[in-house]
Amino acid sequence: AQSVTQLGSHVSVSEGALVLLRCNYSSSVPPYLFWYVQYPNQGLQLLLKYTSAATLVKGINGFEAEFKKSETSFHLTKPSAHMSDAAEYFCAVSRGSGYGNKLVFGAGTILRVKS
Amino acid sequence: SQTIHQWPATLVQPVGSPLSLECTVEGTSNPNLYWYRQAAGRGLQLLFYSVGIGQISSEVPQNLSASRPQDRQFILSSKKLLLSDSGFYLCAWSRSSGGGLDGYTFGSGTRLTVV
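Model, not experiment: these values are computed from the prediction. Along each chain, residues carry numbers from 1 onward, in the same order as the chain's sequence is written. Chain letters and ligand numbers both follow the written order, the letters beginning at A and the numbers at 1. Side-chain atom pairs in this predicted model are given and counted only at pLDDT of 80 or more, local residue features only at pLDDT of at least 70, and totals for whole chains, interfaces and linings cover all residues. As a rule here, side-chain values come from all non-hydrogen atoms in the structure, and water together with hydrogens is ignored.

Explain the overall build of chain A here, please?
Looking only at helices and strands, one finds zero helices and eleven strands in chain A. When the elements of chain A are put in sequence order from the N terminus, they spell out β-β-β-β-β-β-β-β-β-β-β. What the globule rule says is 2.2 Å times the number of residues to the power 0.38, and the radius of gyration is computed from C-alpha atoms. Taking 13 Å as the expected radius of gyration for a compact globule of 115 residues, we find that chain A reaches 14 Å, a close match to that expectation. When the 115 residues of chain A are sorted by exposure, 44% land in the buried category. Pairs at least 24 residues apart make up 57% of the contacts formed inside chain A by residues separated by at least 6 positions. Each helix is a run of H or I in the DSSP string that is no shorter than four residues. Each strand is a run of E no shorter than two, and both are numbered from the N terminus. Each residue gets one of three labels from its accessible area relative to the maximum for its type: buried under 20%, exposed over 50%, partly exposed in between, using a 1.4 Å probe on protein chains only. The contact definition used throughout considers only heavy atoms, calling two residues in contact when any of these lie within 4.5 Å.

Printed below as a string of structure tokens:
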């Protein structure tokens, strides 16, 4: 079965600083990996996804993530934080399509951006 | 393009009252549908998922039920609400089980407060 661990339930950075949100996964087969963002009282929005193509994936709002199989990681980064990046971020893993498969979410990381 | 609608956006209900939350998807057929709940500080909890009309799988025992009377309609219900049912409810859809290459697409959520 797949699982996702997000290290750090809360991360605080200064505006303009590097954002690094950590995600480690466990999967018995090559995974599909996703990052979602959730702003207060809104649904989840897809930031980016890895589906076995390029290991460095670029998403919306200047975020990117790198799939590292040897480290079973898919950390989310952004070179320079903006106040508008304050939100909750969820990493998720899937085995792909197929009956019975489901997207498995991490517990989420709340990002706070200080001015 | 596909869109997902969820309503109402907010709801305040007394303990013991019934509940009906509705979710509809447009622009696709035979979607996989999901109901999630977010309670304060507890991440995303998958409540129900459906792969077709009348086919409902429950992930956790609870005071809630789900139905899928039409292909693109998913309803979350309760006969008698409990205080512990308070939370943020999210509907989502995917083309295939596990999300495939696209992951899940989420609705905007319903904030339910049971008083």
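Before we go on, may I ask you to explain the overall build of chain B in this structure?
Across its full length, chain B carries zero helices and eleven strands. The secondary structure elements of chain B, listed N-terminal to C-terminal, are β-β-β-β-β-β-β-β-β-β-β. Computed over C-alpha atoms, the radius of gyration of chain B comes to 13 Å, within 12% of the 13 Å expected from 2.2 N^0.38 for 115 residues, which places it in the range of a compact globule. Its C-alpha atoms put chain B at 40 × 30 × 25 Å along the principal axes. Across the 115 residues of chain B, 50% fall into the buried class. The long-range fraction of contacts in chain B, counting pairs at least 24 apart against all pairs at least 6 apart in sequence, stands at 56%. Counting every atom, chain B has about 5,200 Å² of accessible surface; 52% of that belongs to carbon and sulfur. Positive charges come from Lys and Arg alone, negative charges from Asp and Glu alone, with His and the N- and C-terminal ends not counted. The atom standing in for a charge is NZ when the residue is Lys, CZ when it is Arg, CG when it is Asp and CD when it is Glu. The centroid of the 8 positive side-chain charges in chain B is displaced by 8 Å from the centroid of its 6 negative side-chain charges. Under the convention used here, a 1.4 Å probe and the Shrake-Rupley method define accessible areas, while residue burial counts only the protein chains that appear.

Even after reading the chapter, I still don't get unusual backbone geometry, so can you show me in this structure?
Glycine aside, residues mostly have negative phi, and peptide bonds are mostly found in the trans state. Omega for the peptide link from B:Trp7 to B:Pro8 comes to 0 degrees, which places this bond in the cis form. Looking at the secondary structure, you find B:Pro8 in the loop between strand 1 (3-7) and strand 2 (10-13). Unlike most non-glycine residues, A:Thr72 shows phi in positive territory, near 45 degrees. Its location among the elements puts A:Thr72 in the loop between strand 7 (64-68) and strand 8 (73-78).

What is the right way to look at the sheet that holds strand 8 (residues 73-78) of chain B in this model?
The strands making up a sheet are joined through hydrogen bonds of the backbone, oriented either antiparallel or parallel. Residue and element names in this part refer to chain B. Pairing between strands requires that DSSP locate at least two bridges from one strand to the other. The four strands are arranged 1-3-8-7 in an open sheet whose pairing can be described as antiparallel. The sheet is open, and its two borders are formed by strand 1 and strand 7 (65-70), each paired with just one other strand. Across the sheet, the axes of successive neighbouring strands diverge by a mean angle of 20 degrees, strand direction being ignored. As paired strands, strand 7 and strand 8 are joined by four bridges and run antiparallel to one another. Across the sheet, Ser67 pairs through a bridge with Ile75, a residue of strand 8. Here an axis means a line fitted to C-alpha atoms, over the contact stretch when the element is a helix, while the angle between two N-to-C directions is reported on a 0 to 180 degree scale.

Honestly, the packing of aromatic side chains in this entry has me stumped. Any pointers?
Aromatic pairs are defined between Phe, Tyr and Trp rings, using the six-membered ring for Trp, whenever the two ring centres lie within 6.5 Å; interplanar angles under 30 degrees are classed as stacked, those over 60 as edge-to-face, and all others as tilted. Under the definition given, this model contains 15 aromatic pairs over all chains. On the basis of an interplanar angle of 55 degrees and a centroid distance of 5.7 Å, the ring pair of A:Tyr36 and A:Phe105 is categorised as tilted. Of the two residues, A:Tyr36 is situated in strand 4 (residues 32-38) and A:Phe105 in strand 10 (residues 104-105); the sequence distance between them amounts to 69 residues. Taken as a pair, A:Tyr36 and A:Phe105 share a single burial class, namely buried. With a centroid separation of 4.1 Å and 20 degrees between ring planes, the pair formed by B:Tyr34 and B:Tyr104 is classed as stacked. Of this pair, B:Tyr34 sits in strand 4 (residues 32-38) while B:Tyr104 sits in the loop between strand 9 (87-94) and strand 10 (105-106), placing them 70 residues apart in sequence. Taking relative accessible area as the criterion, B:Tyr104 reaches 2% and is therefore assigned buried.

Looking at this structure, I do not really get the pairing of strand 4 of chain A. What am I missing?
Each regular strand displays side chains that alternate between the two surfaces of the sheet. Residues and elements named next belong to chain A. Counting buried positions along strand 4 yields seven of seven residues, so the element is predominantly enclosed. Alternating positions in strand 4 separate into two faces, Tyr32, Phe34, Tyr36 and Gln38 on one and Leu33, Trp35 and Val37 on the other, with burial throughout. Bridging between strand 4 and strand 9 (residues 87-94) involves seven bridges; their strand directions are antiparallel. Paired with Val37 across the bridge in strand 9 is Tyr89. Inspection of the sheet shows strand 4 paired to strand 5 (residues 44-50) by six bridges, in the antiparallel sense. Following the sheet pairing, Phe34 is matched in strand 5 by Lys49.

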